Amino acid sequence: RACAGRGRAGSGGHCKGIEWLEGWSVLEGSGATGSARILAMAMAEGTGGDGEWPERRRGERWEVMEKTWEDVKEEDGILRVPVQRRVRRRDENRITSSIRRGLIRYLYVALDLSDSMKETDLKPTRGALAKKELMTFIDRFFDENPLSQMGVLVTQNRQVTRLTELTGSPRLHKNQVNELSTVGGEATLQATLEMAIACLRSAPDYGQRELLILYGSIMSCDAGDIFEAIAGAKRSKLRVSVICLAAEVYICKRVAEETGGTFAVARSEPHLHELLEKQLQPPPRTAGTAEDEGDFFMVGFPERKLDQQPFFLLDGRDVCLSSVAHECPQCKALVADLPSRCPVCALQLNSSAHIARSYHHLFPVPAWEDVGPPDAPAATPAAPAEASAAGGGCFACLRALSAGGGCYRCPACRELFCGECEAYVHDVLHNCPGCLGRHGPAAAAEDAQGPGGAAADA
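Each chain has its residues counted from 1, following the order in which its sequence is written. It should be noted that, the model being predicted, local features are given only for residues of pLDDT at least 70 and side-chain atom pairs only at 80 or more, the latter also being counted only at that level, while totals for whole chains, interfaces and linings use all residues. Values shown for side chains rest on all heavy atoms present in the structure; no hydrogens or waters enter the calculation.

Notes on empty space enclosed by the protein
Step number 1: A 1.4 Å probe that fits but cannot get out identifies a cavity on a 1 Å grid over protein atoms alone, an open set with protein on both sides within 12 Å along at least five of seven lines counts as a pocket, and a residue lines either if it has an atom within 4 Å of a point. Grid points are joined across faces, edges and corners, and a volume is the space filled by probe spheres set on the points. On inspection of all chains with the given rule, the structure shows one cavity of 30 Å³ or more.
Step number 2: Reported here for the largest cavity is a volume of approximately 40 Å³.
Step number 3: Lining the largest cavity, in full, are Glu-133, Thr-136, Phe-137, Arg-140, His-273, Leu-276, Glu-277 and Leu-280.
Step number 4: Helix and strand definitions here come from DSSP, where helices need a minimum of 4 consecutive H or I residues and strands a minimum of 2 consecutive E residues; each element is numbered from the N-terminal end. Among the secondary structure elements, those contributing two or more residues to the lining of the largest cavity are helix 3 (126-144) and helix 8 (269-278).
Step number 5: For the lining of the largest cavity, a count of residues per class yields three nonpolar, two polar and three charged. Three classes are used: nonpolar for Ala, Val, Leu, Ile, Met, Phe, Trp, Tyr, Cys and Pro, charged for Asp, Glu, Lys and Arg, and polar for all others, with Gly counted as polar.

Considerations on a nonpolar patch on the surface
Step number 1: Side chains of Phe-312, Val-319 and Leu-321 sit close together on the surface and give an oily, nonpolar patch of about 360 Å² of accessible area.
Step number 2: The topology assignment puts Phe-312 in strand 13 (residues 303-315). For patch building, the residue pool is restricted to those with more than 30% relative accessible area and no salt bridge; the joining distance is 9 Å between like charges and 5 Å between nonpolar side chains (Val, Leu, Ile, Met, Phe, Trp, Tyr). Each accessible area value is a Shrake-Rupley result obtained with a 1.4 Å probe; residue values ignore everything except the protein chains displayed when judging cover. Throughout this description, the term salt bridge denotes a Lys or Arg side-chain nitrogen within 4 Å of a carboxyl oxygen of Asp or Glu.

Brief notes about the side chain of His-426
Step number 1: When you line up the elements, His-426 lands in helix 12 (residues 419-429).
Step number 2: Here the side chain of His-426 touches Glu-422 through a polar contact of 2.9 Å, landing on its backbone oxygen. A 3.5 Å cut-off defines polar contacts: any pair of N or O atoms within that distance qualifies, except that in protein one atom must be a possible hydrogen donor and the other a possible acceptor, and neighbouring residues in sequence count only when both atoms are side-chain atoms.

Topic: the pairing of strand 6 (residues 105-112)
Step number 1: Accessibility here uses a 1.4 Å probe with only protein chains present; expressed as a share of the type maximum, an area under 20% marks a residue as buried, one over 50% as exposed, and anything in between as partly exposed. Among the eight residues in strand 6, eight count as buried, and that is most of the element.
Step number 2: By the alternation rule, side chains of strand 6 split into Arg-105, Leu-107, Val-109 and Leu-111 and Tyr-106, Tyr-108, Ala-110 and Asp-112, which are all buried.
Step number 3: Between any two strands, at least two bridges found by DSSP are needed for them to pair. Alignment of strand 6 against strand 9 (residues 208-215), held across seven bridges, turns out to be parallel. In the sheet register, Arg-105 faces strand 9, and the bridge partner there is Gln-208.

Concerning helix 6 (residues 226-235)
Step number 1: Looking only at helix 6, the buried set comprises Ile-226, Ala-229, Ile-230, Gly-232 and Ala-233. What you see down the axis of helix 6 is that its buried residues fit within an arc of 160°, all on one side. More than 90 degrees from the buried face of helix 6, the exposed residues found are Glu-228 and Arg-235.
Step number 2: On its buried side, helix 6 packs onto helix 5 (189-199) and helix 7 (250-259).
Step number 3: Where helix 6 begins, the side chain of Asp-225 points an oxygen toward the backbone nitrogen of Phe-227, at a separation of 3.1 Å.
Step number 4: Phi turns positive one or two residues past the end of helix 6, at Lys-237, with a value near 60°. It is the directions from the helix axis to the C-beta atoms that the arc portrays. Residues are treated as being in contact if the distance between any of their heavy atoms lies within 4.5 Å.

If you want it as structure tokens, here you go:
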């Protein structure tokens, strides 16, 4: 924040009156006339010529001190954080509306293992933290996207190698990522894009082609034109998202914007975890991604076989022995994991449980109303059920609703829930217990009206 005084330029080119406030230095001396004019013009343009500087921009995270320790409270010898602060950031990114999404995703994760990943600004190092978060992301990805498949790429020494192919086995990816130890050389963004395009070229058109890059470098050593690789990614309908660990790199942001992906810079270890959590939600299906022949495709539901004698089956491109196998209903080939594509007849193999688990992405639980703590008296720990029935407790966990824990009401069943149950229902369970149990006041009134009532007609 600066202030331009009524300085005048002397005959020798001296300028006085340019003052930086809040402990900044003073511009005074020869050669400062141009700086004075630029600063005065900037003030006139930014303030409309009234001579007053606009309000100071919002401070960065490291410039604002948040006394988070004041919110921590002790209950029965245990330190607890208020639920509102824990779920505040998740509420900003939570999706509670029904939109069309690509549930079948073919995702490649590219990990940067160049020399820049040895830096210790992220503890213990950028590379170690990226590996740790990637291992967690693999488990969470297949838990939230059971119909999808994933592969892993590694870029270092100006080259890109395919660590794992597209498969639905998190065990295979975690074993390969855990064995990574060599870090060195420079990263290449162009070769990463070209490798992802080549690997996803055989992916079916009804799937969503995606590439997630964990990039720790501030440059890219490319052998060719990277803008041609970006154009090729757009033609292949490849959605590229980049998470930078060091700083904002223009070419990474350009790649994400051109392909319809997301771009972000991780500021800390928790922020990196949060950015990876955002990638778990299937992206919306935009116009032009679906092919003209339609969205219907053949799916096989294989039979699971168990035997004391191990089977010879296909695990990706490898042949392995296992006592558990899944038999393709079309060609009777044996595969190791689901979901996958049959290596013989190329039929998409899925499980009915996987399809049911993907249902919540299309029809999420609607947002609940924050009604604050109820006026009913608090319940005693000995009789939580009676308190819940009287309206003073959470419908799910039967605990008393307190002012610090929050109180929410489902708009469909009109039941009250605490803050922890609200977060658990929206982020894990994906179903309202009150709506499923049909015990809410709205459901009781609807049942009392019968099939000829207004609710039944609606």
